[in-house]
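# A look at the structure
One letter stands for each residue in the lines below.
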Amino acid sequence: MRTQPLISVIIPCYNVQEFIENCVQSILLNNYNALELILINDGSTDQTLSLLRNIKDQYSTKTIILVNQLNNGLSMTRNIGIEIASGEYIMFVDSDDWVSKNYFKSFIDKREKVELVLGSYYKEFTNKSVVRKNNLNGETSAKDIQRRIVGLVGKEMSDPSQSDSIVTLWSKLYKRSIIQRNNIYIKSVEEIGTAEDLLFNLEYLDHCKKVYCLDEPLYHYRKNNDNSFTSIYKEELFIKWQNLFGHIEAIILNKDKIFQIAFNNRICLSIIGLGINELKNPNGISSINKNLKLYLSTYSYLNAYRDLELKYFPFHWKCFFLMAKYKFTFGLYLMLLSIRKLMTK
């Protein structure tokens, strides 16, 4: 009988005492057994470490590596997991999320002839689950997926919510040999703000030919964790995103023109993320409007909005991006409030 390839599953853990048992149990009770579980406690101040030790004792017959370290942050912790991993494949799971019973087998079954398998997922709110379909299915070129991660183009712009739907590290099956051979690592959010997963995937895909897209939601992404990194106001997000854009621009420098179009569209759509972040600004509406106007007056945004095609957007998004283009920030602020409300429903 053919031996199952080993998957190293990397789980960084920081103050997740409410969620970690459910997360790990969903993995260990999966119907795929060739797993190496790497649990890294990143300086938690709650009972996370104690729970991880109990899990390791409870599942003593499973391959579980437990690392306890001072707080290094998410990116560095994931990189440590990559260094420890010995599996042929690597997958990431966030410690407040969970996976379906057939998660790993579904991915490993599609690995032949491709260098990456990616899947869709559920967004898990307090009272409901929402399926995030990627509108991608089957085998495709790595170049097409890389362009999609850079940004949307053409008719894809009719749904701006898809702009980051496939950029995550989780819900993907990576070849460890590609990561290690090409010295690919996860950039620090201290430098780029967010989207460290986006950069990692762009670099990884530079060394791939084929990707299999599994448009079946098997990963459960928790959206009701108020302690998560995405729930905090990031005062320097705009500056750090300029660093992020610089990295993306360097990666696509010698690629087809469509990559530049996608990149400009990403810059335009990023005002949504910047705006949602500004709604958490403790200094109030005047500071929010001032910051939005400042962002939209910089060269990168003026240049991107100059060439933005509005024809594919639904009416409400056309209004939103026209306000952004002409820096009508109060109207933008009101629409951002509505967007945030819809995001949390």
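Before going into details, it helps to say that this report is about the structure given with it. This one's a predicted model, so the numbers in the text were calculated from it and none came from an experiment. (Residues numbered from 1 in each chain as written. Predicted model: local features only at pLDDT ≥ 70, side-chain atom pairs only at ≥ 80, totals over all residues. Heavy atoms only, no water.)

Right, let's get into the overall build of the chain. Secondary structure assignment for the chain yields 14 helices and ten strands. Each principal axis of the C-alpha distribution contributes one length, and for the chain these read about 60 × 45 × 35 Å. Evaluated residue by residue, the chain yields a buried proportion of 55% over its 345 residues. Restricting to contacts in the chain with at least 6 residues of sequence separation, those with at least 24 account for 80%. Surface exposure of the chain reaches about 16300 Å², of which carbon and sulfur atoms provide 50%. Counting 43 positive and 36 negative side-chain charges, the chain places the averaged centre of each group 6 Å from the other. (Helix = DSSP H or I, 4+ residues; strand = E, 2+ residues; numbered from the N terminus. Buried < 20%, exposed > 50% of the residue type's maximum accessible area, 1.4 Å probe, protein only. Contact = heavy atoms within 4.5 Å. Areas by Shrake-Rupley, 256 points an atom, 1.4 Å probe, with all protein chains shown as cover. Lys, Arg positive; Asp, Glu negative; His and termini not counted. Charge placed at Lys NZ, Arg CZ, Asp CG, Glu CD.)

Assignment of secondary structure puts Leu 52 in helix 2 (residues 48-58). For the pair Leu 52 and Ile 64, spaced twelve residues apart in the sequence, the C-alpha separation amounts to 10.0 Å. In contact with Leu 52, other than residues within four places in its own chain, are Cys 13, Ile 20, Leu 39, Asn 41 and Leu 66.

Spacing of three or four residues puts side chains on the same side of an α-helix, whose turn is 3.6 residues. For helix 14 (residues 329-343), which comprises 15 residues, the first-to-last C-alpha distance of 20 Å matches the rise-based estimate of 21 Å (1.5 Å per residue) to within 8%. Listing the buried residues of helix 14 in full gives Thr 329, Gly 331, Leu 332, Tyr 333, Leu 336 and Ile 339. The inward-facing, buried residues of helix 14 abut helix 10 (257-278), helix 11 (285-296) and helix 13 (315-325). (Expected span 1.5 Å × (residues − 1).)

On to the pairing of strand 1 (residues 7-13), then. With respect to burial, strand 1 is a largely interior element, seven of its seven residues being buried. Summarising the sheet, strand 1 and strand 2 (residues 35-42) pair through seven bridges and their orientation is parallel. Looking across to strand 2, one finds that Pro 12 is bridged to Ile 40. Handedness of the strand 1-helix 1 (residues 20-28)-strand 2 crossover: right-handed. Where strand 1 lies against strand 4 (residues 89-92), four bridges are found, and the strand directions are parallel. Of the residues in strand 4, the one forming a bridge with Ile 10 is Phe 92. (Pairing = 2+ DSSP bridges. Right-handed = clockwise from strand over helix to strand, strands pointing away.)

A few words on the packing of helix 5 (residues 142-150) against helix 8 (residues 196-205). Contact geometry of helix 5 with helix 8 gives a least axis separation of 10 Å together with a crossing angle of 155°. Comparing their axes, helix 8 and helix 5 come out roughly antiparallel. Of the two possible hands of crossing, helix 5 and helix 8 adopt the one that is left-handed. Between helix 5, through Ala 142, Ile 145, Gln 146, Ile 149 and Val 150, and helix 8, the contact on the second element is made entirely by Leu 198, Asn 201, Leu 202 and Leu 205. Class assignment for the residues of the contact of helix 5 with helix 8 results in seven nonpolar, two polar and no charged. (Axes fitted to C-alpha atoms, helices over the stretch in contact; angles between N-to-C directions. Parallel < 35°, antiparallel > 145°, perpendicular 65-115°, else oblique. Left-handed = near helix turned anticlockwise from the far one by under 90°. Nonpolar A, V, L, I, M, F, W, Y, C, P; charged D, E, K, R; others polar.)

What follows concerns the pattern of salt bridges. A complete count under the given rule lists twelve salt bridges for this structure. Note that Arg 111 is salt-bridged to Glu 112, the shortest N-O span being 3.5 Å. Residue Arg 306 pairs with Asp 307 through a salt bridge whose shortest N-O separation is 3.4 Å. Residue Asp 307 is classed as partly exposed on the basis of its relative accessible area of 45%. (Salt bridge = Lys/Arg side-chain N within 4 Å of Asp/Glu carboxyl O.)

Counted according to the given criterion, the structure contains 19 aromatic pairs. Arranged with centres 5.0 Å apart and planes meeting at 80°, the rings of Tyr 103 and Phe 104 form a pair that is edge-to-face. On the basis of relative accessibility, which here comes to 0%, the residue Phe 104 falls in the buried class. Taken together through their ring pairs, the aromatic side chains of Tyr 103, Phe 104, Phe 107, Tyr 121, Trp 170, Tyr 219 and Tyr 221 make up a single cluster. Sitting over the ring of Tyr 185, Lys 187 keeps its end group 4.7 Å from the ring centre. A cation sits over an aromatic face here: Lys 255 above Phe 259, 5.8 Å from the ring centre. (Phe/Tyr/Trp six-rings, centres within 6.5 Å; stacked < 30°, edge-to-face > 60°. Lys NZ or Arg CZ within 6 Å of the ring centre and 35° of its normal.)

Attention shifts here to unusual backbone geometry. Although it is not a glycine, Asn 135 adopts a positive phi angle of roughly 55°. Structurally, the position occupied by Asn 135 is in the loop between strand 7 (129-132) and strand 8 (138-141). By relative accessible area, Asn 135 is classed as exposed at 61%. Residues other than glycine seldom take positive phi values, yet Ala 195 does so here, at roughly 65°.

Among the structural elements, Ile 27 can be located in helix 1. Taking the relative accessible area as the measure of exposure, Ile 27 reaches 1% and is therefore buried. Through-space distance from the C-alpha of Ile 27 to that of Val 99 is 6.5 Å; in sequence the pair is 72 residues apart.

So, about helix 2. Looking only at helix 2, the buried set comprises Thr 48, Leu 49, Leu 51, Leu 52 and Ile 55. The buried residues of helix 2 occupy an angular sector of 160° when projected down its axis, which confines them to one face. Across helix 2 from its buried face, at more than 90 degrees, point the exposed residues Asp 57 and Gln 58. Those residues of helix 2 hidden inside the fold are in contact with strand 1, helix 1, strand 2 and strand 3 (63-69). (Arc of directions from axis to C-beta.)

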